[in-house]
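Structure assessment
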Amino acid sequence: MEDQNGPTKRKLKPHPQENSNILSALFYCWTVPIFRRGLKKDISEEDVYQTLQHHQSEGLANRLEKAWKTQQKTASPSLWKAIWKVFKLDVIVCLTLCSFIELGLKIARPIAFGKLMAYYSFESTESSKNDAILYAGIIVIISMTDTVFSNYFVLQQLQVFMKIRVACSSMVYRKSLRLSKSALGDTNIGQIVNLLTTDMQQMNPLIRALCSICISPFQTAIVLYLLYDYCGPTALVGIVLIITLTPFQMFLSKIVASLRLKVAVRTDDRMSHMNEIISGIQVIKLYGWEQPFIKLIDTFRRVEVKFIKKLTYLFSFLISVMKFVERTVIFLCILVYVLMGNNPNAYYVYVITSFYSILVFSVSVLLPIGVADVLKANVSVKRLEKFLNLEEVELAKKTRKAVGIKIKKVTARWLQKSEHNTLSGVDFEIYLDQTVAVVGPTGSGKSSLLHLCLGEMQIIEGLKEVDGTIAYANQEPWLFGGTVKQNILFGLPLLPKKYKEVVRVCALEDDMAQFPHGDNTIVGERGILLSGGQKARIGLARAVYKDADIYLLDDPLSAVDANVGEQIFNNCIIGYLKGKCTILVTHQTQYLASVDKIYLLTDGNISVSGSYTDLLKGNNFAYVLKENETRQDESSEMNGTDLSKIEHKEQNVSSETRAIGKVSFKVYQSYMRACGSYCICFLILIPFVLCECLTITADYFLAFWVNFEQRRMSANYSMQNGFEEIIFADASTIYIYSTIIGLLIITTPTRAISFKKVCMRASVHLHNKMFTTIVNATMKFFHTNVSGRILNRFSKDIGNLDETLPQVLFNTIELSIAVVGGIISICIISPWSLIPTFIILILMYIIRKIYLASSLSVNRLESTSRSPILAHLTESVKGLTTIRAFDIRHILHKEFDNLQNFHSSIFYMKLGTDRAFSIWLDIVCMCYSSAVTFMTIFQDSYGGTVGFVITKSMNLVAVFQWTIRMLSELENQMTSVERVIEYTELEQEKNDQVKAISSAWPASGKIEFKSVFMQYSSNDPYVLKNLNILIKPKEKIGIVGRTGAGKSSLISVLFRLVNFVGNIFIDDVDTKDVALSSLRPKISIIPQDPVLFKGSVRKNLDPFNQYSDEEIWRVLDEVRLKETVSNMSGNLQSNLSEGGTNFSVGQKQLICLARAMLKNNNILILDEATANVDPQTDELLQSTIKKSFVNCTVLTIAHRLHTIMDSDKVLVMDEGHAVEFDHPYVLLEKKKTFYNLVMKTGKVMSENLRTIAEKNYKTRGDNISL
């Protein structure tokens, strides 16, 4: 369904890792070409490699789907078990690597460090300087090995996550194409999008978390044994605090997981409404409903943010507890050691420091976080599991009998839990070489009958047999964002002769000639660049092109005029499809004489069936036919771009924009302003600095204490400094050290929570600003950006701002200050270390510059490559019925897998470049640590100093590279801010109010166009040219013209959906001087394509709560919907499903009519408001419209001439000009353009139209021509 020139169609280069050796894999040499290209230019789609075989979406999804199907056969199917079955080998490899690192390398390093520190022990007699140098060398080798394997492990575990995400995403997509209508009532597009974004992201740390949980107990046991063996029982005191805190941390982890579920549910709700708003944005603008929907999203966002705050603050507190535990347990061990009468020495202090560093990180950091991550992943997996267990549609079963459909005594409903049956006791049959018509009132179940044939409905009782392949033309044509030709072929091979004939019989030849690029013209998402008639005929052509046995045509003739309708009926339905099994749902009963059998549906029952001749004898049915005889007067093909389809001349839906180069400082400034102010951002740094000062003070104090004890124990010690003796007296030392640790315990959580609070404020502000900006953006933005692209900003990017970015920013600030503090402290003790420090900073800057040159563009590319996946998903779900009817799910599966493969290739590039950056940073840092370590050993004889420098330098190895990585990751994450800010700077509709207007404006409804010119962009030709029209108050104006004549553009400028030159006056007030929020609600409109929103019936009619229930019931009664709404379980409070799918198209149009009647404005725009209702309802509603809006100025865009022949005037548009404007009878007498349109309806019809116009003209007694 994607553009034929899209990334999935481009031939990609072979992946360089396929031919790499073990050293290239360990040191990521295969990423060098990426970095080289990144230094020369921005990485683009052309630089993406082929997806590695073991990353292929189709293969991964097939394996997981097979395992899941096996699980579904069990009593309690588990997605966890299915994932384990498919990926257990990958997980075992990761677990083995992690075990080697955590149980081998990480424990070996403190053992060697202990041997080194033994040289500085009071009792040391065996160790020599050479031994100290040897053990220092061993520490360096172990650290280097740790660096290589740790980076390899990180790549492997993230690679496993990627494979799980790809497999699960593909399974979700496949499942979405199998969902029943009942299941679609329990889910929505927003939730499915959330599953593919937020929920999948929660599984990112899963493998690391599992490894931590599995290895922590073993690592704890080994470390405790070594602590006891090396340092005695006092060294085990710290474990008491760890054991005491662990259950508390586990408890907090569980709460975090439960909050994660609540956040996910609230995000689902927000995304569901976001999807509806984006899809129906033009209707929202036309009604002036921006503010109610802004408030609606604000309400959902507030609830979501409430839980995100709880989650963030709790998680911050959890992390903070972990931060101060390490120094607290060391403090407790030393405290007990001193109270036992011992003096702290370098060996004891730094051995327990190094071992507890491992233990605290494993038990107090990784274990609780691991548990929290697993629980959060479990929430996501359970949500996926729930989705995968939703009810699936049962497609029509082939019985291998004669081609046809047989339905006997079938009772069916849309939802199993519904109390009302949609169809009751239906008997229906059709066989080969038959054309059957299905007619009936609006909402009688005609479309439901076709859905029953397709297997889309729940059968409560009865028998249904369908044999033969099916083609289906939907009443609401579903088109995807490809070309006209792609939409017609729909995955089938092109047969030129057949294709040309199908285009002819579906009356598309003239349209093809008008399209700027013929049948290669892009139609836009949902066919947004086409008229209603064009969409209907392309949908019909798609069905006809398929060589099927059975054709289900759901009212394809309502959107076209009688002349084109007759052409389609004769050439296509009873011509081209002759010999086929064809079911035609229609309101155009003039064609019923030509079909083999007719079924009349009433309230879900087939009340009458038989041939035309037989049924004509029945009174009720004869009345239906009689009423429709006057409806055979529809004009020639005039159904041009309707009101809701602006006449764009653009060929392509624009590609998603991507910034290039570094993230600008302007983005950081915008984020800081969103946090509150620069002052707040500065103040929030103070706790970070204070915390780091306390940390360094604690470490310094301990080092000086050890040095003091070493000097005091030396043979030539003499008291020279009374102050030192006082400070390091046993009691004073304990008090001072306790105070430092106490302040650290208080400062750490305060710092984290206050920081996250400020970040949350920024996220809320940017989300609200982006949404408000998008809602008020020009329509051009929505015509050139698919909904999946916009949803991606509100799901993934806002998700990053809510949770990921604050943590990355927190880590970046914390680590940056830690680096500065660490360097300063080392340089104070060992000034010579300034030399390697200076060198390492230069090298790190160079490495970071090389990395960022590629990383930023790769990250931006990864973000934009995700949008087509979401767009493909949303488009597919909207066209489910059509997709299943044509049985092309396998084609869409393949396209989705191709999109995932393209994204996976970029994502793996991201992983590879990240790891390459990390390992080369680590190598540089290890060289720095080695230099500082050996320099200190050679220069200093105090164990406290050596221990302090070595522990700080080893810590700096991790902190240095983590800081640079966090700085780079921060820049990567800031691309989400950049993308959000980009959408806060969209071109806005001009909404300045120059002139104050009264609440009663417009009182009369006079409209005047003065020298109006309009073009959609500066490069496009004018679509309205020098328009000068005066519409008097209360006049009824019909607007006619061929496709592209400018009919909808006329209405677009009236609503100021587009910018224009000239002036439009309503009651002598220039509309440019009136705010849009005042202008649009004053003009009622009934669009041809009705749009309903999720929520109550009442909210769909009156979102501002301006009217009473009695007023709403009155208008529902007038539009013949009172009984339908009364039968719903909640009456006016009954909730509509997403898109209002529990109403028929005709009923949706009636809801839109009720909206207009409720507002009772003095100006009304009608765009063939009753095109999809039955003849009797149409007659009643036309009468109701004339009665209810008798004192209104009414402009009707006509697709059927009988609706405007009694108008006061008819405006004939042609190529942007108003070529005629007068009473229809006067225009007929002139025998020009309008006369020719009427004549094309045929002799009988044209005479009938002329009679109506003449009668109305003489009744008015108005013989004045303009």
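Residues numbered from 1 in each chain as written. Predicted model: local features only at pLDDT ≥ 70, side-chain atom pairs only at ≥ 80, totals over all residues. Heavy atoms only, no water.

Structural notes on the overall build of the protein chain
Rules: Here a strand is any run of E in DSSP of at least two residues, a helix any run of H or I of at least four, and the numbering for each starts at the N terminus. Partly exposed describes any residue whose relative accessible area lies between the buried limit of under 20% and the exposed limit of over 50%, with all areas from a 1.4 Å probe on protein chains only and scaled to the type maximum. Pairs of residues are marked as contacts when any of their non-hydrogen atoms sit within 4.5 Å. Each accessible area is a Shrake-Rupley estimate made with a 1.4 Å probe; only the visible protein chains count as cover when residues are assessed.
Scanning the protein chain from terminus to terminus reveals 41 helices and 21 strands. Sorting the 1266 residues of the protein chain into buried and exposed places 61% on the buried side. Considering only intrachain contacts with a sequence separation of at least 6, the fraction spanning at least 24 residues in the protein chain is 83%. For the protein chain, the accessible area works out to roughly 47800 Å², and carbon and sulfur atoms hold 57% of it.

As for helix α2 (residues 32-40)
To keep it simple, the criterion reads: When we speak of the arc, we mean the arc of directions from the helix axis to the C-beta atoms.
Every buried residue of α2 is listed here: Ile34, Phe35, Arg37 and Gly38. All buried residues of α2 lie within an arc of 165 degrees about the axis, which places them on one face of the element. Structural note: α2 exposes Leu39 and Lys40 on the side pointing more than 90 degrees away from its buried face.

Here we look at the packing of aromatic side chains
To keep things clear, this is the line we draw: Note on ring pairs: Phe, Tyr and Trp rings are taken, using the six-membered ring of Trp, and paired if centres are within 6.5 Å. Classes follow the plane angle, with under 30 degrees stacked, over 60 edge-to-face and the rest tilted.
Enumeration over the complete set of coordinates arrives at 29 aromatic pairs. Here the aromatic rings of Phe27 and Trp920 are separated by 6.3 Å at their centres, their planes lie at 45 degrees, and the arrangement is tilted. Residue Phe27 is located in helix α1 (residues 22-27), and its partner Trp920 is located in helix α30 (residues 889-939); the two are separated by 893 residues in the primary sequence. Assessed through its relative accessible area of 23%, Phe27 is described here as partly exposed. On the basis of relative accessibility, which here comes to 40%, the residue Trp920 falls in the partly exposed class.

A look at the pairing of strand β10 (residues 1007-1014)
Definition in use: Whether two strands pair depends on DSSP finding at least two bridges between them.
When β10 meets strand β11 (residues 1024-1031), the two strands line up antiparallel, connected through five bridges. If you follow Met1014 over to β11, its bridge partner there is Leu1024. Here β10 runs beside strand β13 (residues 1061-1066); their pairing, made up of five bridges, is antiparallel. In the strand pairing of β13, Lys1010 is matched with Asn1063.

Observations regarding the packing of helix α5 (residues 129-176) against helix α7 (residues 189-201)
The cut-off we apply is this: Fitted lines through C-alpha atoms serve as axes, helices being fitted only where they are in contact, and the angles separating the N-to-C directions of these axes extend from 0 to 180 degrees. Working definition: roughly parallel below 35 degrees, roughly antiparallel above 145 degrees, roughly perpendicular at 65 to 115 degrees, and oblique for all remaining angles.
It is the contact of α5 with α7, at a shortest axis distance of 10 Å, that shows an interaxial angle of 170 degrees. The pairing of α5 with α7 is recorded here as roughly antiparallel in orientation. Every residue of α7 that contacts α5 at Phe161, Arg165, Cys168, Ser169, Val172 and Ser176 is listed here: Ile192, Leu196 and Met200.

Comments concerning the pairing of strand β20 (residues 1209-1214)
Counting buried positions over the six residues of β20 gives five, a clear majority of the element. Inspection of the sheet shows strand β12 (residues 1036-1040) paired to β20 by four bridges, in the parallel sense. What sits directly across from Ile1039, in β20, is Leu1211. Note: β20 against strand β21 (residues 1217-1222), five bridges, orientation antiparallel. By the bridge assignment, Val1212 is partnered in β21 with Glu1220.

A closer look at the pattern of salt bridges
Quick reminder of the rule: Salt bridges are defined by distance alone: a side-chain nitrogen of Lys or Arg within 4 Å of a carboxyl oxygen of Asp or Glu.
Applying the stated criterion across every chain yields a total of 44 salt bridges. Between Glu978 and Arg860 there is a salt bridge whose closest N-O contact spans 3.1 Å. Remark: Arg860 occurs in helix α28 (residues 834-878) and Glu978 occurs in helix α31 (residues 943-982); sequence separation between them is 118 residues. Side by side, Glu978 and Arg860 carry an identical accessibility label, which is buried. A salt bridge links Arg866 to Glu862, with the nearest nitrogen and oxygen atoms 3.0 Å apart. With Arg866 and Glu862 both in helix α28, this residue pair falls four residues apart, about one helical turn.

Focus: helix α21 (residues 665-675)
Taken residue by residue, α21 has Val667, Ser670, Tyr671, Ala674 and Cys675 as its buried positions. With its buried residues spanning 145 degrees around the axis, α21 presents them on a single face. Just past α21, the residue Gly676 takes up positive phi, approximately 140 degrees.

Here's the deal with the sheet that holds strand β14 (residues 1069-1070)
Backbone-to-backbone hydrogen bonds join strands into a sheet, with any given pair of strands oriented parallel or antiparallel. What the four strands build is an open sheet, ordered β11-β10-β13-β14; its pairing is antiparallel. Of all the strands in the sheet, the pair left with one neighbour each is β11 and β14.

So, the environment of Val371
Relative to the elements of secondary structure, Val371 occurs in helix α12 (residues 346-388). Excluding its chain neighbours within four sequence positions, the residues that come into contact with Val371 are Ile213, Met250 and Ser253.

Some remarks on the side chain of Ser44
Heads up, the rule is: Pairs of N or O atoms within 3.5 Å make up the polar contacts considered here, provided that, within protein, one atom can donate a hydrogen while the other can accept it, and that residues adjacent in sequence are counted only when both atoms are side-chain atoms.
Mapped onto the elements, Ser44 comes out in the loop between α2 and α3 (57-72). At a separation of 2.7 Å, a polar atom in the side chain of Ser44 contacts the side chain of Glu46.

Things to note about the sheet that holds strand β1 (residues 404-413)
Spatially, three strands are ordered β2-β1-β4 in an open sheet, and the strand pairing comes out antiparallel. Every interior strand has two partners, whereas the edge strands, β2 (423-431) and β4 (458-467), have only one. The sheet shows a mean angle of 10 degrees between the axes of neighbouring strands, direction not considered. In terms of strand pairing, β1 meets β2 through six bridges, oriented antiparallel. Each residue of the ladder has a partner; that of Ile405, found in β2, is Ile430.

Considerations on the nonpolar core
To keep things clear, this is the line we draw: As used here, the term nonpolar core means buried Ala, Val, Leu, Ile, Met, Phe, Trp, Tyr and Cys residues forming a set that is joined through side-chain atoms within 4.5 Å.
Tyr356 and Phe1009 are the most contacted members of the largest nonpolar core, which has 363 residues in total. Those residues in contact with Tyr356, other than ones at most four positions away along the chain, are Leu227, Ala235, Leu236, Val237, Gly238, Ile239, Ile242, Val329, Ile330, Cys333 and Phe361. Val1040, Tyr1225, Phe1234 and Tyr1235 belong to the second largest nonpolar core, which has 18 residues in total.

Here we look at the environment of Val560
Residue position: Val560 is located in the loop between β6 (550-554) and α18 (562-576). In this structure, the C-alpha to C-alpha distance between Val560 and Ala536, residues 24 residues apart in sequence, is 8.1 Å.

Side note on unusual backbone geometry
The omega angle of the peptide bond from Trp1001 to Pro1002 is -10 degrees, so this bond is cis rather than trans. Among the structural elements, Pro1002 can be located in the loop between α31 and β10. Of note, Phe490 is a non-glycine position whose phi angle comes to about 50 degrees, a positive value. For Phe490, the position within the fold is in the loop between α14 (484-489) and α15 (496-505). Owing to a relative accessible area of 4%, Phe490 belongs among the buried residues under this scheme. A positive phi angle is found at Ser1011, which is not glycine, with a value near 50 degrees.

Considerations on a nonpolar patch on the surface
What counts here: Nonpolar side chains (Val, Leu, Ile, Met, Phe, Trp, Tyr) within 5 Å and like charges within 9 Å form the patches, drawn only from residues with over 30% relative accessible area and no salt bridge.
The grouping of Leu39, Trp832, Ile835, Phe838, Ile839, Ile842, Leu843, Tyr845, Ile846 and Ile850 at the surface amounts to a nonpolar patch, some 1000 Å² of accessible area in total. Among the elements that line the nonpolar patch, the one with the most residues is α28, at eight residues. Here Trp832 shows up in the loop between α27 (787-829) and α28. Its relative accessible area of 53% is what places Trp832 among the exposed residues.

Some points on the side chain of Thr582
Within the fold, Thr582 resides in strand β7 (residues 581-585). If sequence neighbours within four positions are ignored, Thr582 has contacts with Ile430, Gln434, Thr435, Val436, Tyr551, Leu553, Ile573 and Leu577.

Section: the environment of Ile824
By secondary structure assignment, the location of Ile824 is in helix α27. On the accessibility criterion, Ile824 (47% relative accessible area) is partly exposed. Remark: the alpha-carbon pair of Ile824 and Ile696, spanning 128 residues in sequence, is separated by 10.0 Å.

A few points about the confidence of the model for the protein chain
The cut-off we apply is this: Residue-level confidence of the predictor is what pLDDT reports, using numbers from 0 through 100.
Mean pLDDT over the protein chain: 82, with 89% of residues reaching 70 or higher. Element-level pLDDT for the protein chain is lowest in helix α20 (residues 619-629), with a mean of 49, against a maximum mean of 93 in α3. Here residues 626-653 is a poorly scored stretch, pLDDT under 50, and it has 136 contacts once near neighbours within four places are set aside; other chains count. Low pLDDT, under 50, characterises residues 1262-1266; the predicted model gives this stretch 11 contacts beyond four residues in sequence or across chains.

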